Amino acid sequence: MPDIYTNEWYDAVREAMNASAATLNGVPTGSFVVAVEIVGDGLSPYVEQGSTRHFLVKIDAGRCEWYREIASSEDERRAAGRGVDYRFTGSATAFDEIACGVLDPIDAALRGTVRVRGDMRFLMRHAEHVNALLGAYSREVDTTWPSGMPPYGVPSAAAAASDVVGTDAMMRRDGESIGA
Amino acid sequence: MTRSARSIPPVEVEAEGEAAGMAAMVGDLIEANLDGSRARAWVARRVHGRVLLEASDRDLGVTVCFDGQRISVLARREPGILPAMRGPWLAMTRVCSGLVSPLQALRREDVKLGLSTPLTALVATALVMKVPRGVYRDSTVNEQPASI
């Protein structure tokens, strides 16, 4: 079983996603790139508090072509070969809990524990596909946790994530920047 | 041309609340739809009322408020009896993205309506949330990355 956040683990996640996607009809025929930003919250031992780990996932014709870690958001365009279509941001605890099946990824997105940015029209169009990919990420990989695994205790992932992505009470949508 | 000149009402989203993520997604969806459809923007400018959208399988809901000037998406279920659309989250996404028509979804009982006045707000919400057909030329995702 691969350790969390290693190349072997990324490959295992990719294979699990592709096995899941193979069971679906009507997957998107184009490609899109998802940036994942995992923010250290002082609870997860896998991301230093105050720092962020950056990942890119490329989905092509419904299959995960690659899943890799990059050094920083500045490397996104070079690593992806294009812009990023979606950006998922959340606390390390939230992502750890998703990876070990403690936190449902759709719940995390709907509650704002993980913030999702990008064109919602296409994300909703392919919601079942996205659901299958996230389900594979969350439940289909046997992962080892060399520095301990969640739940890490209080505060919960939801509370920690609100520190990461919390903003003013009401946001005006027009002109809002969602860039890195 | 500015947004006001095109009479596109601004969309405001409540950033905190039990359904903050759902509110953000719904807000993004409505904003994109209004940007791409004069008819939707025209309707959104003229409707007053509140509508509850509930992801019944997640026990989460948002309230979409029209006041003629703007659309506000609250990250919670407003108390009181409101016109509502309820269903599992994936069923709601199928309706919003046009994979299933609202009528089909109702017939199949994928989603349910809670009928209350004013119904015009419910009809307006269904319209502004439904992605215009032309957006999906095929099943590909957007060819131009959003550069987010």
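Presented here is an overview of the structure given in this document. (Residues numbered from 1 in each chain as written. Chains lettered and ligands numbered in written order. Predicted model: local features only at pLDDT ≥ 70, side-chain atom pairs only at ≥ 80, totals over all residues. Heavy atoms only, no water.)

## Quick word on the overall build of chain A
At step 1: Across its full length, chain A holds seven helices and six strands.
At step 2: Listing every helix and strand of chain A by position from the N terminus yields α-β-β-β-α-β-α-α-β-α-α-α-β.
At step 3: Residues counted as buried form 58% of the 180 residues belonging to chain A.
At step 4: Taking all contacts inside chain A whose residues are at least 6 apart in sequence as the whole, residues at least 24 apart take part in 72%.
At step 5: As displayed, chain A offers around 7,600 Å² of accessible surface, 46% of which is attributable to carbon and sulfur atoms. (Helix = DSSP H or I, 4+ residues; strand = E, 2+ residues; numbered from the N terminus. Buried < 20%, exposed > 50% of the residue type's maximum accessible area, 1.4 Å probe, protein only. Contact = heavy atoms within 4.5 Å. Areas by Shrake-Rupley, 256 points an atom, 1.4 Å probe, with all protein chains shown as cover.)

## Structural notes on the pairing of strand β2 (residues 48-55) of chain B
Residues and elements named next belong to chain B.
At step 1: Summarising burial for β2: six of the eight residues are buried, a large majority.
At step 2: Strand direction decides the pairing type here: β2 and strand β3 (residues 60-67), joined by eight bridges, are antiparallel. Bridge pairing links E54 to G61 in β3.
At step 3: The hairpin turn running from β2 into β3, its antiparallel successor, is four residues long, and D59 in that turn takes a positive phi close to 55°. (Pairing = 2+ DSSP bridges.)

## What to know about helix α3 (residues 89-96) of chain B
Residues and elements named next belong to chain B.
At step 1: Counting buried positions over the eight residues of α3 gives seven, a clear majority of the element.
At step 2: Along α3, the residues that are buried comprise W89, A91, M92, T93, R94, V95 and C96.
At step 3: Looking one or two residues beyond α3, the residue adopting positive phi is G98, at roughly 80°.

## Structural notes on the nonpolar core
At step 1: Ranked by internal contacts, the top residues of the largest apolar core, which has 86 residues, are W9(A), M22(B) and L53(B).
At step 2: Setting aside chain neighbours within four positions, we find L53(B) in contact with M22(B), V26(B), L60(B), G61(B), V62(B), V64(B), M85(B), M92(B), T125(B) and M129(B).
At step 3: Ranked by size, the runner-up nonpolar core spans eight residues in total, among them A35(A), W66(A), A79(A) and V84(A). (Core = buried A, V, L, I, M, F, W, Y, C linked by side-chain atoms within 4.5 Å.)

## Section: a nonpolar patch on the surface
All names here are of chain B.
At step 1: A surface patch of nonpolar side chains, amounting to about 440 Å² of accessible area, comprises L103, L106, L113, L115 and L119.
At step 2: In this fold, L119 is placed in helix α5 (residues 119-129).
At step 3: The exposure class assigned to L119 is partly exposed, which follows from its relative accessible area of 42%. (Patch = residues over 30% accessible without salt bridge, like charges linked within 9 Å, V, L, I, M, F, W, Y side chains within 5 Å. Salt bridge = Lys/Arg side-chain N within 4 Å of Asp/Glu carboxyl O.)

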